[in-house]
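# Examination of the molecular architecture
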Amino acid sequence: MKSAVFALCLAAASVGAAKEVSVHDPVMAKEGDTWYVFSTGPGITFYSSKNMKDWTPEGRVFKGDPAWAKRAAPTFDGHVWAPDVHLHNGRYYLYYSVSGFGKNTSGIGVTVNKTLNPRSPDYRWEDKGMVLQSVPLRDDWNAIDPNIVEDGKGGAWMAFGSFWSGLKLVKLNADWTGLAEPQEWHAIASRSRGPSVADKSAGPDEIEAPFIFKKGDYYYLFASFGLCCRKGDSTYHVVVGRSRDVTGPYVDRNDVDMMKGGGSVVIAGDKDWKGLGHNSAYTIDGKDYMVLHAYETADNYLQKLKIMEMKWDATGWPTVDAADLNRYRSNQLPSP
C-alpha cells in the first residue's frame with residue numbers, strides 16, 4: 001500500500017515538474033489535424049500539437065538571419081519578433097519584425113511556405129523580404145508587431161506598431177507581400193504624449209501588439225498596454241476597443257476613442273501571473289480563444305504559453321476568466 005501511495009506521489013510530482021512551453025508573443029495556425037504556435041525567438045521558434053496542450057518543439061523558421069535584417073536594424077541580435085501567420089491562396093504567410101530594443105530602427109517582413117509541417121517534402125520557407133520599414137527622425141511610428149486582417153471585401157490590412165505615436169493600419173497589395181498603391185494608412189490607437197514627433201526616443205506611451213479579430217458586426221482591436229520583459233515589474237496587460245469598420249474608429253466600453261487613449265481592460269494578471277499580453281485570438285470548433293504569454297511568479301517570472309477561452313458579455317464585449325491562467329498548463333514534449 002505504501003509503495004502504491006509513493007508511486008502516485010512520484011507520478012504527481014513528475015506531472016507538476018513537466019516543462020511548459022516558454023514563448024513570447026504567440027500566434028497560432030492549424031494545418032490538417034495539427035496546431036502550430038510561432039513565437040518571438042532566434043529565427044522564430046515554433047511548436048506543433050494535436051490537442052493545443054502537448055507541444056513538440058520544431059526548431060526555428062529561419063536557419064540564419066533574414067538577409068535584410070541588419071540593414072533595417074543595425075543592432076539586430078538574431079531574435080526575430082512578434083510573428084503573425086495566415087493561410088492565403090493555399091499558402092502560409094508568416095509576417096515578422098526585426099528591430100533593436102527601444103528603437104524604431106525596425107522592419108516588417110514576410111516569408112511564405114506551402115506547408116507548416118517541417119517533415120513534409122514541400123516544406124520550404126521563401127522569404128519575400130521587407131514589407132515596411134521605420135527610420136528614426138523620419139517616422140513617428142515603429143515597424144514591429146504585424147497583424148493581418150481581411151476586410152470582407154477582398155482586401156487585406158496590416159496593423160502594427162509600438163510606442164511613439166501608436167498603432168497604425170496600412171493596406172496590403174493583392175499579393176500580401178507589399179503595400180497597396182496608392183498607399184492607404186490609418187492611425188487606429190494612441191496614448192500620445194502630445195504633438196507627433198519623429199525622434200529616436202520611444203517616449204512613455206506604452207502601447208503595442210495590435211491584433212484585430214472579427215466577431216459578428218464588429219472588428220475588435222486588442223492591444224497591450226504597459227511594459228513587457230521586466231519580470232515582476234512588468235505591467236503588460238490586454239485592452240480592447242471595437243469598430244464596425246476595419247479602419248476604425250475603435251472605441252472602448254465607455255465610447256472612448258482608442259486614438260485618445262481608450263482601451264477597456266480584458267485581462268491584467270494577478271499575483272501568480274505578471275506581464276501578460278501580446279495576444280492573438282481565434283475561433284476554434286465554434287469557440288473563441290485568446291492566446292498570449294504570461295510570466296509565472298512562482299517560476300522566477302518565466303514567460304509561458306496561455307490559451308484561454310474567450311466569451312462575450314450581453315453587450316458584445318470579450319471576457320476571459322483569470323482563473324484559466326492557472327488552469328491551462330502546456331506540456332513541452334521532447335524534440336523529434
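This text gives an overview of the structure that appears in the document. (Residues numbered from 1 in each chain as written. Predicted model: local features only at pLDDT ≥ 70, side-chain atom pairs only at ≥ 80, totals over all residues. Heavy atoms only, no water.)

### Some points on the sheet that holds strand β9 (residues 126–134)
Inclusion rule: Pairing between strands requires that DSSP locate at least two bridges from one strand to the other. Numbering of helices and strands starts at the N terminus; helices are DSSP runs of H or I of at least 4 residues and strands are runs of E of at least 2.
Strand order in the open sheet formed by five strands is β3-β6-β7-β8-β9, and the pairing between neighbours is antiparallel. At either end of the open sheet lies a strand with only one pairing partner, and these are β3 (41–42) and β9. Where strand β8 (residues 106–113) and β9 come together, six bridges link them in antiparallel fashion. Bridge pairing in β9 links G107 to Q133.

### Things to note about the sheet that holds strand β17 (residues 264–267)
Stated precisely, the cut-off is as follows: Note on definitions: angles span 0 to 180 degrees between N-to-C directions of axes, and those axes are lines fitted to C-alpha atoms, for helices only across the stretch in contact.
The antiparallel open sheet is built from four strands, whose spatial order is β14-β15-β16-β17. If you trace the sheet from one side to the other, it starts and ends with β14 (207–215) and β17, each paired once. Ignoring which end each strand starts from, the neighbouring axes of this sheet average 35° apart. Strand direction decides the pairing type here: strand β15 (residues 218–225) and strand β16 (residues 237–243), joined by seven bridges, are antiparallel. Directly across from Y220, in β16, lies its bridge partner R242.

### Topic: the state of the cysteines
Inclusion rule: The definition used for a disulfide is geometric: two cysteine sulfur atoms within 2.5 Å. For the exposure calls, accessible area comes from a 1.4 Å probe over protein chains only, and a residue counts as buried if that area is under 20% of its type's maximum, exposed if over 50%, partly exposed in between.
Counted under the stated rule, the structure contains one disulfide. The disulfide partner of C228 is C229, and the S-S distance across this bridge is 2.3 Å. For the disulfide bridge between C228 and C229, the dihedral angle about the S-S bond is near -75°, and by the sign convention the bridge is left-handed. C228 gets classed as buried once you look at its relative accessible area, which sits at 13%.

### Remarks on the environment of I44
Filter applied, for reference: Throughout, a residue-residue contact means that at least one pair of heavy atoms, one from each residue, lies within 4.5 Å.
With respect to the helices and strands, I44 occurs in the loop between β3 and β4 (45–49). A sequence separation of 17 residues divides I44 from V61, and the C-alpha atoms of the two residues are 5.5 Å apart. Apart from the residues within four sequence positions on either side, I44 is in contact with F38, S39, G59, R60, V61, F62, V80, P83, L94 and Y96.

### Points about the pattern of salt bridges
Formally: We define a salt bridge as a side-chain nitrogen of Lys or Arg found within 4 Å of a carboxyl oxygen belonging to Asp or Glu.
Counting across every chain of the model gives 16 salt bridges. Of the charged contacts, one joins D33 and K50 as a salt bridge, the two residues approaching to 2.9 Å between their closest N and O atoms. With D33 in the loop between β1 (27–31) and β2 (34–39) and K50 in the loop between β4 and β5 (54–60), the pair connects residues that are 17 residues apart, well separated along the chain. Taken individually, D33 and K50 each receive the classification exposed, so the pair is uniform in this respect. In this structure, K271 and D272 form a salt bridge, with 3.3 Å as the shortest nitrogen-oxygen distance. Residue classification places D272 among the partly exposed residues on the basis of a relative accessible area of 26%. One salt-bridge network, held together by shared partners, links E20, E296, D299, K304 and R329.

### Here we look at the environment of V246
Mapped onto the fold, V246 is located in the loop between β16 and β17. Considering only alpha carbons, one finds V246 and V149, 97 residues apart in sequence, at a separation of 8.2 Å. In this view, V246 contacts V149, D151, W157, L169 and Y219; residues no more than four positions away in its chain are not counted.

### Some details on the side chain of D288
What counts is decided by this rule: Here a polar contact is taken to be a pair of N or O atoms separated by no more than 3.5 Å, where protein atoms must pair a possible hydrogen donor with a possible acceptor and residues adjacent in sequence count only if both atoms sit in side chains.
Residue position: D288 is located in strand β19 (residues 287–296). Here K215 takes part through its side chain, which lies 2.8 Å from a polar atom of the side chain of D288. A distance of 2.8 Å separates polar atoms of two side chains, one belonging to D288 and the other to W312.

### Things to note about the pairing of strand β7 (residues 91–98)
Burial within β7 is extensive, with seven of its eight residues counted as buried. From the end of strand β6 (residues 79–88) to the start of β7, which pair antiparallel, there are two residues, and N89 there has a positive phi angle of about 50°. Inspection of the sheet shows β7 paired to β8 by seven bridges, in the antiparallel sense. Bridge pairing in β8 links Y95 to V110.

Just distances and angles here, no functional claims.
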